[in-house]
Amino acid sequence: MNQNIFSTSTITLSKSAVRQNVRFVKSKLANNVLLSAVLKGNAYGHGIKEMVPLFESAGVKHLSVFSIQEAAQVCQVKKQSTAIMIMGWMEDEETEWAIENDVEFYVFEIGRLKAALEFAKKVGKKAKIHVEVETGMNRTGFQEEHLGEVMEMMKENEEFIEFEGLCTHYAGAESITNYLRVMDQIKKYKHICDIFKANGLVPKRRHTACSAAAMSYPETQMDMVRIGILLYGFWPSQETFIAYQRSNGYGQEGISRRVKHPLKRVISWRSKIMSVKEVPVGEFIGYGTSYQATKKMKIATVPVGYAYGFARSLSNQGRVIVNGKRVAVISTVNMNLMIINVTECKNVGKGDEVIMIGSNANGKVNVTVASFGELSNQLNYELLSRLPMDIPRKVVI
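These figures come from a predicted structure and were not determined experimentally. (Residues numbered from 1 in each chain as written. Predicted model: local features only at pLDDT ≥ 70, side-chain atom pairs only at ≥ 80, totals over all residues. Heavy atoms only, no water.)

Trainee: Even after reading the chapter, I still don't get the overall build of the protein, so can you show me in this structure?
Mentor: A tally of regular secondary structure across the protein gives 12 helices and 18 strands. If one aligns the C-alpha atoms of the protein with their principal axes, the spans along those axes are about 80 × 60 × 40 Å. Looking at the 397 residues of the protein, the share that counts as buried comes to 51%. In the protein, 66% of the contacts between residues at least 6 apart in sequence involve partners at least 24 apart. Approximately 18900 Å² of the protein is accessible, and the part contributed by carbon and sulfur atoms is 49%. Placing the 50 positive and 39 negative side-chain charges of the protein at their respective mean positions leaves the two points 13 Å apart. (Helix = DSSP H or I, 4+ residues; strand = E, 2+ residues; numbered from the N terminus. Buried < 20%, exposed > 50% of the residue type's maximum accessible area, 1.4 Å probe, protein only. Contact = heavy atoms within 4.5 Å. Areas by Shrake-Rupley, 256 points an atom, 1.4 Å probe, with all protein chains shown as cover. Lys, Arg positive; Asp, Glu negative; His and termini not counted. Charge placed at Lys NZ, Arg CZ, Asp CG, Glu CD.)

So, in structure tokens, the structure goes:
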């Protein structure tokens, strides 16, 4: 029996949206810049196993993940020619698996570099490493004072290493408030590149840019960019989108045209009404006293709560679509369900579709993850990545 019929909600993923978003991002990249699609956080909640073939069909040939666990999932579904890069977590002993499977990985501490060399010698294959350097994010990456030891180890063991990349990460390229900090990081990264070059170590690719940096600081594109949220149809921040609009003429003196939104949302998320009932005026609805009926109301319950990715912070704030109308989430979002106000919906009943993310049939009414972010003070990234892995995901054209 199809297990999907037992689910309280479903997610659909648009193949055409993926293609459109990849085309847009590539159109903004300089010539010969490699696009690496980021799949961390279960592909930003979309599903790794579903998104890998979608990206590949759109012409993406390099994929980035956070952990070796995610890399293993990618390996199960990717084409043999598609490259994988681990940007974060990996136990030292797991380095052997990465080398055996031609998986590229970040090296940001001496212990991992030693492990890479140890297992490369054991396996008899070169370790494909990306050396991450600290430029001001103060998270992971080699400090400049440790680079001497790193370079010495690399030169002494050249036959066991493929120097795939030299990389760093920017501390908030999505906000103009971080401009000076980002510019300092760019300067420091270029300085470190010169140090490696002076020591005869030249990486195949220099890469530093995420979605926000690639759009707002074109000089950071270099040889490769690591693009996540843009490929799923969302902007890293409202500031980044406004900057894009301005760079394309919107809002400038003498130019009145509105810039067409270049991205298309990949994901939609839907459920059904569980029950409908009427509530007399003056009654409190749901847990506690956070919502009181100011008139006779019709309410509906939906079997999706914070355990299923619909944040509790959307209590009395969230919006969903029912029968072509955007309606309010009222009272406290429960673990397993939410309550919505369907007083203005005609002929609403059990089994009617509820859209948490997406648009109605004619596309005129929609609820976006971005609107959730504004209502709940959460980022697109957080809301998307919290969508549970066990929600059925289906690819549509």
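Trainee: Looking at this structure, I do not really get the packing of helix H1 (residues 15–27) against helix H3 (residues 48–57). What am I missing?
Mentor: Think of two packed helices as two axes; the pair is described by the angle between the axes and how far apart they sit. Running from amino to carboxyl end, H1 crosses H3 at an angle of 55°, the nearest separation of the two axes being 9 Å. Compared by their axis directions, H1 and H3 come out oblique. For the pair H1 and H3, the sense of crossing is right-handed. The residues of H3 that touch H1, namely those facing Lys15, Val18, Arg19 and Val22, are Met51, Leu54, Phe55 and Ser57. Here the residues of the contact of H1 with H3 sort into five nonpolar, one polar and two charged. (Axes fitted to C-alpha atoms, helices over the stretch in contact; angles between N-to-C directions. Parallel < 35°, antiparallel > 145°, perpendicular 65-115°, else oblique. Left-handed = near helix turned anticlockwise from the far one by under 90°. Nonpolar A, V, L, I, M, F, W, Y, C, P; charged D, E, K, R; others polar.)

Trainee: Mind showing me how you'd approach the sheet that holds strand S9 (residues 224–227) here?
Mentor: Two pairing modes exist for strands in a sheet, parallel and antiparallel, and in both the strands are linked by backbone hydrogen bonds. In space, the eight strands of this closed barrel follow the order S2-S3-S4-S5-S6-S7-S8-S9, with parallel pairing throughout. Ignoring strand direction, the axes of neighbouring strands in this sheet form an average angle of 30°. Pairing of strand S2 (residues 34–38) with strand S3 (residues 62–65) involves three bridges; the strand directions are parallel. For Ser36, the partnering residue across the bridge sits in S3 and is His62. Packing of helix H8 (residues 179–198) onto the sheet brings it into contact with strand S6 (127–132), strand S7 (161–167) and strand S8 (205–209), and relative to S7 it is tilted by some 155°. (Pairing = 2+ DSSP bridges.)

Trainee: How should I be thinking about the packing of aromatic side chains in this particular structure?
Mentor: Both the distance between ring centres and the angle between the ring planes are used here to describe each pair of aromatic rings. Tallying each qualifying case throughout the model produces nine aromatic pairs. Here the aromatic rings of Phe55 and Tyr232 are separated by 5.7 Å at their centres, their planes lie at 80°, and the arrangement is edge-to-face. Of this pair, Phe55 sits in helix H3 while Tyr232 sits in the loop between S9 and helix H10 (238–247); the two residues are 177 residues apart in sequence, bridging distant segments of the chain. Like Phe55, the residue Tyr232 is buried in the burial classification. One aromatic cluster is present, built from ring pairs that chain together Phe24, Trp235, Phe241 and Tyr244. (Phe/Tyr/Trp six-rings, centres within 6.5 Å; stacked < 30°, edge-to-face > 60°.)

Trainee: How should unusual backbone geometry be read in this particular structure?
Mentor: Glycine aside, the phi torsion of most residues is negative, and most peptide linkages are trans. Within the chain, Asn32 stands out as a residue other than glycine whose phi angle is a positive 65°. As for its placement among the helices and strands, Asn32 is situated in the loop between H1 and S2. The exposure class of Asn32 is exposed, given its relative accessible area of 78%.

Trainee: Is there a simple way to think about the environment of Glu132 in this case?
Mentor: Relative to the assigned elements, Glu132 resides in strand S6. For Glu132, a relative accessible area of 4% puts it in the buried group. Sequence separation between Glu132 and Ile355 is 223 residues; the distance between their C-alpha atoms is 42 Å. Excluding residues within four positions of it along the chain, Glu132 makes contact with Tyr106, Val107, Phe108, Thr140, Gly141, Phe142, Cys167 and Thr168. Looking at Glu132, its side chain comes within polar contact range of the side chain of Thr140, at 2.9 Å. (Polar contact = N/O pair within 3.5 Å; in protein donor to acceptor, adjacent residues only side chain to side chain.)

Trainee: Hey, could you run me through the packing of helix H6 (residues 110–123) against helix H7 (residues 147–156) in this one?
Mentor: Between H6 and H7, the least distance of the axes is 11 Å, while the angle of their chain directions is 5°. Classed by the angle they form, the pair H6 and H7 counts as roughly parallel. Within the contact between the two elements, H6 uses Ile110, Leu113, Lys114 and Leu117 and H7 uses Glu149, Val150 and Met153.

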